[in-house]
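As a plain string of letters, each chain reads:
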Amino acid sequence: MTNPVDAPFAPKLLSVLREGYGLAAFRKDAVAGLTVAIVALPLSMAIAIASGASPEKGLYTAIIGGFLISALGGSRYQVGGPAGAFIVLVAAIIERHGYDGLLLASMMAGLMMMAIGFFRLGTLIKFIPPPVTLGFTAGIAVIIFASQIKDLMGLSLAQKEPGALVPKFMALGEALPSINPSACIIAFGTIGLIALIKRVRPHWPVLLIAIAAATCVTWLLSLPVETIGSRFGGVPSHLPAPAMPAFDLARLGALLPDAIAIALLGSIESLLSAVVADSMTGRRHRSNTELVAQGVANIGSALFGGITATGTIARTATNVRAGAHGPIAGMLHALYLLGFMLLLAPLMAKIPLAALAGLLAIVAWNMAEKHAILTMLRGHGADAAVLMATFLITIFRDLTEGILVGVLLGAILFAVRMAELVEVSSGSSFTDQTEETPLGNGDDRVITYRISGPLFFGSTPRFGDVMSRIGIRPRFYILDLAAVPLVDASGAEAISGFARQASAHGASVIIAAARADIAESLQRNIGATPNLVFSTSVAEARQYAKAMPD
């Protein structure tokens, strides 16, 4: 039977139900789900608006995507919906391909994430280096904040707001004379109220309180600021019927890079969120199941007209702190949101956009892990370079390019560090702890070299350089591989090349003490080489050399 931990699809909901699910657990989930829904209500609309969509799209995403992520996911506490990390990417896709293009790209990304999960590749996402995740998260935070300046200050632009950062700031600078003092008061009042409540009453539903207060002030004083109703015409009080976006092969090809970006970012974001939940609860999520659920959720969300869905750290952490028992809390959060939309749609239309901009400014501030970034910048220079490269490419070029360049630089950095671990040494301190003495008639017939560290494409030049400088010409070279954890094809070729070099002056090479899997791999890659022998230990290799005639 397949272990659920390793299975590509084993929802935590089934595990929770098998353990026994009673009324006490349901009460915990009902309270936690309501708490998260109160947080998610304004946040979902704010993220949708910042992404270039209408506010109800964010609610559709939280309801459909959030329900599916919790019901099918591999984490007990994961809560899904629209995420701030996607604002930049979603806005760019809508601008290039229209809203139907976003829906189609989300569905394509959903299929990719399902494939990643079913092929058990979810664990590979965890190997993206921290400098990369910190860099692009900080870059996203800067872009989110920049996108909210217009509504924070109530500016009126003569033309459409540019997407690129530098032209955006230039356009905003030109629009400064149109600043709306009422919008500034509402926006910065919302930010101040959120900060105050978090300090004095951290367990209160701070986002909902701040948005409700801003809405009441705007309505009571009849302030001249834009609201959801004035810009979007209000919020529908029902879910739309599911529908497939139009597509053809040409459009699928054009959207493929965006779909890959959604799949990559969604996988990273959701698994980071699941890891945060694990660290808070001591539980362990199932990466592959989580990715399958994320894929299904993105397809479901797109069918109902929602934007991209993923697991979200803030809502998941709120779920854990509210005492959730299992995935039913996240499912109830989606149902609560559906109820809010059905009952409170007319009131939502009165929410001022400046207040939502203030909320997203807080989100952007919290997204940038400032302490971790400063620590990394003060630390290893190479890590800092990868972080800054990812950050700068993200804000000035493109999110996808930032991730790809960051991962590439991280991989190069890792290869260089692994190569530095390789050491080649000779002398008497070897596995048998015996003094190495010349064999034969006073001649140095045998010399032993101990290799430490992985022999792979990055370290083979170092190995080859050291071995090529050997001045002694013994009859036998013993290569002690006891401290070598890995040999790839390049490492095998380097050893084979050294054996050929030794054969040129009549010497043999003995591979000693290699792990069974490494010895087997070397024999398979090198093949039959007359002057290359394998031995289980250095002592045995020396005995073999001693027994061989000159």
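Give me the overall build of the protein: which residues, what numbers.
Helices and strands together make up the secondary structure of the protein, namely 21 helices and 7 strands. Along the first, second and third principal axes, the C-alpha atoms of the protein reach 105 × 60 × 55 Å. Residue burial in the protein is summarised as follows: out of 550 residues, 53% are buried. Sequence-distant contacts in the protein: of pairs separated by 6 or more residues, those separated by 24 or more amount to 82%. Distance from the positive charge centre (38 side chains) to the negative charge centre (34 side chains) of the protein: 9 Å.

Explain the layout of surface pockets to me, and be specific about the residues and the numbers.
Of the voids in this model, the largest pocket is the one considered here, and its volume is about 1400 Å³. Lining of the largest pocket is provided by 44 residues; of these, I313, A314, R315, A317 and N366 occupy positions nearest its centre. Put simply, the parts of the chain that give the lining of the largest pocket at least two residues each are α2 (23–50), α5 (130–153), α8 (206–220), α10 (249–281), α12 (313–321) and α14 (353–367). Tallied by class, residues from the lining of the largest pocket come to 29 nonpolar, 8 polar and 7 charged. By volume, the second largest pocket is sized at about 910 Å³. Around the second largest pocket sit 34 residues that line it, and A91, E95, P162, G163 and K168 are the ones nearest its centre. A per-element tally of the lining of the second largest pocket places helix α4 (residues 87–118) first, with 8 residues. Split by residue class, the lining of the second largest pocket holds 18 nonpolar, 6 polar and 10 charged.

Describe the pattern of salt bridges, listing the residues and the values that go with them.
According to the stated counting rule, one finds 10 salt bridges in the structure shown. Put simply, K168 and E161 hold a salt bridge, and the shortest N to O gap is 3.1 Å. When the shortest N-O distance is used, the salt bridge between E401 and R397 registers 3.1 Å. For R397, a relative accessible area of 62% translates into the label exposed. Here the residues in one salt-bridge network are K150, D151, E226 and R231, joined through shared partners.

Residues and numbers for the side chain of S75, please.
On the secondary structure map, S75 appears in the loop between α3 (55–72) and β1 (80–81). In this structure the side chain of S75 is engaged in a polar contact, spanning 3.3 Å, whose partner is the backbone nitrogen of Q78. Excluding residues that lie within four positions of it along the chain, S75 makes contacts with K12, A274, A277, H285, E290 and P327.

Before we move on, can you summarise unusual backbone geometry with the specific residues and values?
The bulk of non-glycine residues show a negative phi, and the bulk of peptide bonds are trans. Despite not being glycine, S222 has its phi angle at roughly 50°, a positive value. Structurally, the position occupied by S222 is in the loop between α8 and α9 (228–232). Look at S222 and you get exposed, because its relative accessible area is 60%. We note that A513 has phi near 65°; this positive angle belongs to a residue other than glycine. Structurally, A513 can be placed in the loop between β6 (508–512) and α20 (516–526). Judged by its relative accessible area of 18%, A513 falls in the buried class.

Describe the side chain of N531, naming the residues involved and giving the relevant values.
On the secondary structure map, N531 appears in the loop between α20 and β7 (532–535). Among the polar contacts listed, one links the side chain of N531 to the backbone oxygen of A499, at a separation of 2.8 Å. Only 3.1 Å separates the side chain of N531 from the backbone oxygen of A507, close enough to count as a polar contact. With near-sequence residues (within four places) excluded, N531 lies in contact with A499, A502, S503, A507, S508 and V509.

So what about helix α11 (residues 287–303)? Which residues, and what values?
Across its 17 residues, α11 extends 25 Å between first and last C-alpha, which sits within 8% of the 24 Å expected from 1.5 Å per residue. Remark: G305 follows α11 within two positions and exhibits a positive phi of approximately 85°.

Account for the pairing of β6, with residues named and values stated.
By the criterion of burial, β6 is predominantly enclosed, with 5 of the 5 residues buried. Residues S508, I510 and A512 line one face of β6 and the alternating positions V509 and I511 line the opposite face, and both faces are buried. Of the strand pairs in this sheet, strand β5 (residues 476–483) and β6 are connected by 5 bridges, and their pairing is parallel. Pairing of F476 across the sheet is with S508, part of β6. Assessed by its sense of winding, the connection that carries the chain from β5 through helix α19 (residues 489–503) to β6 is right-handed. Across 4 bridges, β6 lies against β7 in parallel orientation.

Can you break down empty space enclosed by the protein residue by residue, with the values?
Scanning all chains against the criterion turns up 1 cavity of 30 Å³ or more. Estimates place the volume of the largest cavity at around 40 Å³. Residue lining of the largest cavity: A46, I49, A50, Q148, D151, L353, L356, A357 and L360, and that is the complete set. Secondary-structure elements contributing two or more residues to the lining of the largest cavity are α2, α5 and α14. The element that contributes the greatest number of residues to the lining of the largest cavity is α14, accounting for 4 residues. Its residues assigned to classes, the lining of the largest cavity comprises 7 nonpolar, 1 polar and 1 charged.

Go over a nonpolar patch on the surface, please, and point to the residues and values.
Taken together, the side chains of V166, M170, L374, L377, M388, L392 and F396 present a nonpolar region at the surface, about 620 Å² in accessible area. Elements that contribute at least two residues to the nonpolar patch include exactly α6 (165–174), α15 (370–378) and α16 (381–396). Broken down by element, the nonpolar patch gets its largest block of residues, 3 residues, from α16.

I'd like a description of α6, backed by residues and values.
Structural remark: α-helix, 3.6 residues per turn; residues separated by three or four positions point the same way. Among the residues of α6, those classed as buried are L165, K168, A171 and L172. Angularly, the buried residues of α6 cover 125° about the axis, an arc narrow enough to put them on a single face. Along α6, exposed side chains directed more than 90 degrees from the buried face belong to M170 and E174. At its buried positions, α6 is contacted by α5 and α16.

The rules behind the values
- Residues numbered from 1 in each chain as written.
- Predicted model: local features only at pLDDT ≥ 70, side-chain atom pairs only at ≥ 80, totals over all residues.
- Heavy atoms only, no water.
- Helix = DSSP H or I, 4+ residues; strand = E, 2+ residues; numbered from the N terminus.
- Buried < 20%, exposed > 50% of the residue type's maximum accessible area, 1.4 Å probe, protein only.
- Contact = heavy atoms within 4.5 Å.
- Lys, Arg positive; Asp, Glu negative; His and termini not counted.
- Charge placed at Lys NZ, Arg CZ, Asp CG, Glu CD.
- 1 Å grid on protein atoms, 1.4 Å probe; cavity = no way out; pocket = protein on both sides within 12 Å on 5 of 7 lines; lining within 4 Å.
- Points joined across faces, edges and corners; volume = space filled by probe spheres on them.
- Nonpolar A, V, L, I, M, F, W, Y, C, P; charged D, E, K, R; others polar.
- Salt bridge = Lys/Arg side-chain N within 4 Å of Asp/Glu carboxyl O.
- Polar contact = N/O pair within 3.5 Å; in protein donor to acceptor, adjacent residues only side chain to side chain.
- Expected span 1.5 Å × (residues − 1).
- Pairing = 2+ DSSP bridges.
- Right-handed = clockwise from strand over helix to strand, strands pointing away.
- Patch = residues over 30% accessible without salt bridge, like charges linked within 9 Å, V, L, I, M, F, W, Y side chains within 5 Å.
- Areas by Shrake-Rupley, 256 points an atom, 1.4 Å probe, with all protein chains shown as cover.
- Arc of directions from axis to C-beta.

Remember, this is a structural readout, not a statement about activity or role.
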